[in-house]
Amino acid sequence: MTQLTPHEEIHGRLDRLRHRLAAADLDGALLSFAVDVFYYSGTRPNGVLWVPAAGEPVLLVRKGLARAREDSPLADIRPFPPSRELMEVLGGSARRIGLPFDVLPVQVFELYRHLLPGCSFADLSAANRELRSVKSAWELEQLRAGGRRQGEIFALLPAIIRPGMRELDVAAELECRLRKAGLAGYLRIRGFNQELTGGLVAAGAGAARPGCFDGPVTGAGVWTAAPYGPSCAVIMPGQPVLVDYGGFWNGYITDMSRLFAIGPLAPDLMRAFQVALAIQDWIAQRLRPGQVPEDLYQGALAMAAEAGLADRFMGPPGEAARFVGHGVGLELDELPVLAPRFREPLRAGQTLAVEPKFLFPGQGVVGIENTFAVSEAGGERLTILDDGLQVL
């Protein structure tokens, strides 16, 4: 199932990065975060990638050298040198170097300052994340393939969920099928101190518990050491059952949620679910180049307020998540974000998970989530499955 990133894909990414380096008057970028190294090299070793503003990149590998040479189209892949030789690898003349400050540990930064005397360092985080936010035609195909397969597996859930099952039981059955379909794996998250398993199954009151994860729904989890995801709670008739999982296809993440219930839902929950569907559709129609993410968030918030549900929108009262959609790709928390203060207009090829959800303390969670690509015609849905509530 191994699928290499095409050579032209990698070289196009490097060209765009070099353009940004030159515009910022930087001599090169030194990348050590695994996802960034993979994005620009096509391989994921334990190593560091040097991309000069002019010239060929050098991939320095601590472990995984043979595999890196198999997977990557880069011409210069070599063992990591003794630390004192790092400056020589960078060409000896590099003086202004870009680093992704958003993920670089202070200890590593201090090491670079020690090993590269006379160099100054600039934050490359914003430019790097912006470059990665716009997906190429090849990347969109990976996301489409993953979204189709994820929908096919989610379609099996009505035959899986039964009274008396625990949240964990449903999660195990789903994850087994995702794994067999090649969709399971780890969901990479860039944000500091953010962790997540493949997703969550959350039913009833436990689904509405506040939690540490930076999202509208955390799940109760099993241990205090990992307070998120499915719990040992038994699913009971009349409870909303939210299934929220990421699909992981050839490194690319699609994100989707569907709502289930054993028997009918309470009228207030059903009404809120209909509002969530309306918000999703309103946003999807506006996922066009030039639209401003903050405006879409404010529009969604206004719809929730008009329905009298603002205090339940996107999280428990007082701890609501301040977004209604997030970028996805190689990581679960990419740009753009439909949230306050995000004013950079959307661009064609950006991909987002739109997830309007409402939490009712003591009752549960209702909502929807799908992954879309920004296009001139509005959001292209990448996760293919009917949105409706499944009453079992």
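Cut-off values and rules
- Along each chain, residue indices are assigned from 1 in the same order as the chain's sequence is written.
- In keeping with the model being predicted, local features are shown solely for residues with a pLDDT of at least 70 and side-chain atom pairs are shown and tallied solely at 80 or more, while totals for entire chains, interfaces and linings include all residues.
- Values reported for side chains reflect all heavy atoms of the structure, with hydrogen atoms and water molecules removed beforehand.
- Helix and strand definitions here come from DSSP, where helices need a minimum of 4 consecutive H or I residues and strands a minimum of 2 consecutive E residues; each element is numbered from the N-terminal end.
- Any two residues whose heavy atoms approach within 4.5 Å are treated as being in contact.
- Criterion used throughout: strands pair if DSSP finds at least two bridges between them.
- Orientation is described by lines fitted to C-alpha atoms, with helices fitted over the stretch in contact, and by angles between N-to-C directions that extend from 0 to 180 degrees.
- Whether two aromatic rings pair depends on their centres lying within 6.5 Å, for rings of Phe, Tyr and Trp, where Trp uses its six-membered ring; planes under 30 degrees apart make the pair stacked, over 60 edge-to-face, and the rest tilted.
- Burial status follows relative accessibility: with a 1.4 Å probe on protein chains alone, a residue under 20% of its type maximum counts as buried, one over 50% as exposed, and anything between as partly exposed.
- Should a side-chain nitrogen of Lys or Arg be within 4 Å of a carboxyl oxygen of Asp or Glu, the pair is scored as a salt bridge.
- Relative orientations are named as follows: roughly parallel for angles under 35 degrees, roughly antiparallel for angles over 145 degrees, roughly perpendicular for angles from 65 to 115 degrees, and oblique for any other angle.
- To estimate how far a helix should extend, the number of its residues minus one is multiplied by 1.5 Å.
- Counted as a polar contact is a pair of N or O atoms within 3.5 Å, where, for protein atoms, one must be capable of donating a hydrogen and the other of accepting one, and residues adjacent in sequence contribute only when both atoms are in side chains.

**Student:** Sorry if this is basic, but what is going on with the environment of P356 here?
**Tutor:** Position of P356 among the secondary structure elements: in the loop between β12 (351-354) and β13 (357-360). Sequence separation of P356 and L49 is 307 residues, and the distance between their C-alpha atoms is 38 Å. Setting aside residues up to four positions removed in sequence, P356 forms contacts with A276, I279, Q280, F313, M314, V324, G367 and I368.

**Student:** Explanation requested: the sheet that holds strand β9 (residues 252-261) in the structure shown.
**Tutor:** Working definition: the strands of a sheet are paired by backbone hydrogen bonds and lie parallel or antiparallel to each other. Read across the sheet, four strands follow the order β7-β8-β9-β17 without closing on themselves; strand pairing throughout is mixed. Only two strands of the sheet have a single neighbouring strand rather than two, namely β7 (199-203) and β17 (390-391). Its contacts with the sheet put helix α7 (residues 137-154) on β8 (240-249) and β9, and the angle it makes with β9 is roughly 25°.

**Student:** Help me understand the packing of aromatic side chains, please; the structure alone is not making it clear to me.
**Tutor:** Centre-to-centre distance and the angle between the planes together describe a pair of aromatic rings. In this structure the tally under the stated criterion is five aromatic pairs. Pairing F109 with F121 gives two aromatic rings, centres 5.6 Å apart and planes at 70°, and the pair type is edge-to-face. With a gap of twelve residues between them, F109 in helix α5 (residues 106-115) and F121 in strand β6 (residues 120-123) connect regions that are remote in the sequence. For F121, a relative accessible area of 18% corresponds to the buried category.

**Student:** I'm lost on the pattern of salt bridges in this one. Help?
**Tutor:** A complete count under the given rule lists 26 salt bridges for this structure. We note a salt bridge from R20 to E130, for which the minimum N-O separation is 3.4 Å. Separated by 110 residues along the polypeptide, R20 in helix α1 (residues 7-23) and E130 in helix α6 (residues 125-133) bring together distant segments of the chain. A residue is classified by how much of its surface remains accessible, and R20, at 27% relative accessible area, is partly exposed. With a closest N to O distance of 2.6 Å, R144 and E380 form a salt bridge. A residue pair is termed long-range when its members are at least 10 positions apart, and R144 in helix α7 and E380 in strand β16 (residues 380-381) qualify at 236 residues. By relative accessible area, E380 is classed as partly exposed at 29%. Where salt bridges share partners, they join D36, D102, R132, K135, R190, E331 and E334 into one cluster.

**Student:** Would you explain the packing of α1 against helix α2 (residues 34-41) in this entry?
**Tutor:** Packed helix pairs are specified by the crossing angle of their axes together with the interaxial distance, meaning the distance between the axes. In the contact formed by α1 and α2, the axes pass within 7 Å of each other and the chain directions differ by 110°. Of the possible angle classes, the one that applies to α1 and α2 is roughly perpendicular. Contact residues: I10, R13, L14 and L17 in α1; F38, Y39, Y40 and S41 in α2.

**Student:** How do you make sense of helix α11 (residues 267-285) when you look at a structure like this?
**Tutor:** Because the α-helix completes a turn every 3.6 residues, residues three or four places apart line up on one side. Spanning 19 residues, α11 covers 27 Å between terminal C-alpha atoms, matching the ideal 27 Å at 1.5 Å per step. For α11, the set of buried residues is L269, A272, F273, V275, A276, L277, I279, Q280, I283 and A284.

**Student:** When you look at α1 in this model, what are you seeing that I'm missing?
**Tutor:** Given a rise of 1.5 Å per residue, 17 residues ought to cover 24 Å, and the 25 Å separating the end C-alpha atoms of α1 matches this to within 8%. D25 sits one or two positions beyond α1 and adopts a positive phi of about 55°.

**Student:** Could you clarify how one ought to interpret the side chain of D244 in this entry?
**Tutor:** The residue D244 is located in strand β8 in this model. Of the polar contacts made by the side chain of D244, one reaches the side chain of S257; its length is 3.2 Å. Here the side chain of D244 touches K357 through a polar contact of 2.6 Å, side chain to side chain. Sequence-distant contacts of D244, that is, excluding residues within four places in its chain, are made with G199, L200, D255, M256, S257, E355, K357 and E369.

**Student:** Any chance you could explain unusual backbone geometry here in plain terms?
**Tutor:** As a rule of thumb, non-glycine residues mostly have phi less than zero, and peptide bonds are mostly trans rather than cis. A cis amide bond, omega 0°, links L335 with the succeeding residue P336. Residue position: P336 is located in strand β11 (residues 334-338). Here R341, not a glycine, exhibits a phi torsion of approximately 75°, which is positive. Positionally, R341 belongs in the loop between β11 and β12.

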